[in-house]
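This is what each chain is made of:
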Amino acid sequence: MKLKTKNLLTLNELDKKEIEEILNNAIKLKKDLKAGIYKPLLKNKTLAMIFQKSSTRTRVSFETGMYQLGGHALHLSFEELQLARGETIEDTAKTLSRYVNIIMARVYSHDEVEILAKSAAVPVINGLSDSFHPCQILADLMTIKEKKKKLTGLKLAWIGDGNNVCNSMIYGCVKTGIDISIATPKGYEPDRNVVKESKKVGEIQLSNDPALAVTDADVVVTDTFVSIHHQATNRTKDFLPKFQVNSSLMKKAKPDAIFLHCLPAKRGQEVTNSVIDGSQSAVWDEAENRLHAQKSLMISLLRV
Ligand code: CP
Ligand code: NVA
């Protein structure tokens, strides 16, 4: 499939059909891998991975995914690049484009990944910025599809911080026909422009009431109250106890609701052990699906 976009920075670049195709191919790739079938679809291709911030899942899933597809991945930490000594993002993008076929970057300011994408001749994937985390949402939608056999018509409740993951989740939900109900404390709402734009496309409910948001939900999602880019350590008090996903909150969702969390989790804060380790939790499948969803995404972006 030929994607209309060169880059994936927010998830808003993809339409419903493109998302569905990426997910369907990801499910096929997962099946192949489990059957021991390796297709070297990205043979001789190189992925450059730039990290300004720490990562477990993103780094390992991209690197492993590229290896499984017959390609090669380079881990480039920001401090080790000339970027740390003042070389511009534009010059870095132009240089890397002469060596590699695709770039993934995890940055602080979203502007930085935008500049990288604009200056690079090759596709650029946002591996998390302060504003968006599109790869996470591809994996989340894949997990929901596997568990619920559909996306359109479901209700997803987002509880806690209206952060980078939440912003991309809004795009993912409205594009695939999932109704999203978001409960945050006052002042922690998702990006206003994302909400405004997405309201034209699908159903979004914003409130300060976790019980209302989870009522009849098929999927309950949360994330840390303190993201990597948050300096203030006193944020947590604005969320607890009301915005914790615990067993009593989960009981208000549908009995067969699943629980998702992008990880890493702060157990005992945004989620209790009883939920994240409980029978409704799909967090390990979700983490695994980063691998399959990103392999599918890279294949689509490289148009092979
Ligand atoms: N969910 C996620 O992106 O995890 P990492 O920060 O470990 O990459
Ligand atoms: N919102 C979190 C997600 C980590 C994968 C952060 O930005 O730190």
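Our structure's up above, just so we're on the same page.
This is a predicted model, so every value here is computed, not measured.

Engineer: Explain the environment of Glu21 to me, using residue names and the numbers behind them.
Structural biologist: Within the secondary structure, Glu21 sits in helix α1 (residues 16-34). By relative accessible area, which is 31% here, Glu21 ends up partly exposed. Linking Glu21 and Val221, residues 200 residues apart in sequence, is a C-alpha distance of 24 Å.

Engineer: Outline the packing of helix α6 (residues 164-176) against helix α7 (residues 192-199), listing residues and values.
Structural biologist: Where α6 contacts α7, the two axes come as close as 10 Å, and the packing angle between them is 5 degrees. Comparing their axes, α7 and α6 come out roughly parallel. On the side of α6, the interface is formed by Asn167, Ile170, Tyr171 and Val174, while α7 contributes Val194, Val195, Glu197 and Ser198. The residue makeup of the contact of α6 with α7, split by class, is 5 nonpolar, 2 polar and 1 charged.

Engineer: Outline the nonpolar core, listing residues and values.
Structural biologist: Among the nonpolar cores identified, the biggest contains 57 residues, and Leu47, Ile125, Leu138, Ile144 and Leu156 are the most heavily contacted of them. Of all hydrophobic cores here, the second largest spans 23 residues; its members include Ala217, Val220, Ile276 and Val283.

Engineer: Which residues make up the site of ligand 1, and what are the values?
Structural biologist: Around ligand 1, a shell composed of Ser55, Thr56, Arg57, Thr58, Arg106, His133, Gln136, Cys262, Leu263 and Arg290 is seen. Here an oxygen atom of ligand 1 and a backbone polar atom of Thr56 are 2.7 Å apart. A distance of 2.9 Å separates an oxygen atom of ligand 1 from a polar side-chain atom of His133. In the complex, the protein chains occlude 95% of the 260 Å² of accessible area that ligand 1 would expose alone.

Engineer: A description of the side chain of Thr184 should follow, citing residues and the corresponding values.
Structural biologist: Tracing the backbone through its elements, the reader meets Thr184 in the loop between β6 (179-183) and α7. Looking at Thr184, the relative accessible area reads 2%, which means it is buried. If sequence neighbours within four positions are ignored, Thr184 has contacts with Gly160, Asp161, Gly162, Glu189, Pro190, Ser207, Asn208 and Phe243.

Engineer: Quick rundown of the site of ligand 2? Include the residues and the values.
Structural biologist: Taken together, Leu128, Asn163, Asn164, Val165, Asp223, Thr224, Ser227, Ile228 and Leu263 make up the full set of residues adjacent to ligand 2. Here a nitrogen atom of ligand 2 sits 2.7 Å away from a polar atom, N or O, in the side chain of Asp223. For ligand 2, a nitrogen atom lies 2.7 Å from a polar atom in the side chain of Ser227. Burial of ligand 2 by the protein amounts to 94% of the accessible area it has alone, namely 270 Å².

Engineer: Got a sec to walk through helix α3 (residues 89-97)? Specific residues and values, please.
Structural biologist: An α-helical turn contains 3.6 residues, so a residue and the one three or four places further along point in the same direction. Restricting attention to buried positions, one finds in α3 the residues Ile89, Thr92, Ala93, Leu96 and Ser97. Buried positions in α3, seen along its axis, are confined to an arc of 130 degrees and lie on one side of it. The elements touched by buried residues of α3 are β1 (46-51), β2 (72-77), β3 (102-106) and α4 (110-119).

Criteria and cut-off values
Residues numbered from 1 in each chain as written. Chains lettered and ligands numbered in written order. Predicted model: local features only at pLDDT ≥ 70, side-chain atom pairs only at ≥ 80, totals over all residues. Heavy atoms only, no water. Helix = DSSP H or I, 4+ residues; strand = E, 2+ residues; numbered from the N terminus. Buried < 20%, exposed > 50% of the residue type's maximum accessible area, 1.4 Å probe, protein only. Axes fitted to C-alpha atoms, helices over the stretch in contact; angles between N-to-C directions. Parallel < 35°, antiparallel > 145°, perpendicular 65-115°, else oblique. Contact = heavy atoms within 4.5 Å. Nonpolar A, V, L, I, M, F, W, Y, C, P; charged D, E, K, R; others polar. Core = buried A, V, L, I, M, F, W, Y, C linked by side-chain atoms within 4.5 Å. Near = heavy atom within 4 Å. Polar contact = N/O pair within 3.5 Å; in protein donor to acceptor, adjacent residues only side chain to side chain. Areas by Shrake-Rupley, 256 points an atom, 1.4 Å probe, with all protein chains shown as cover. Arc of directions from axis to C-beta.

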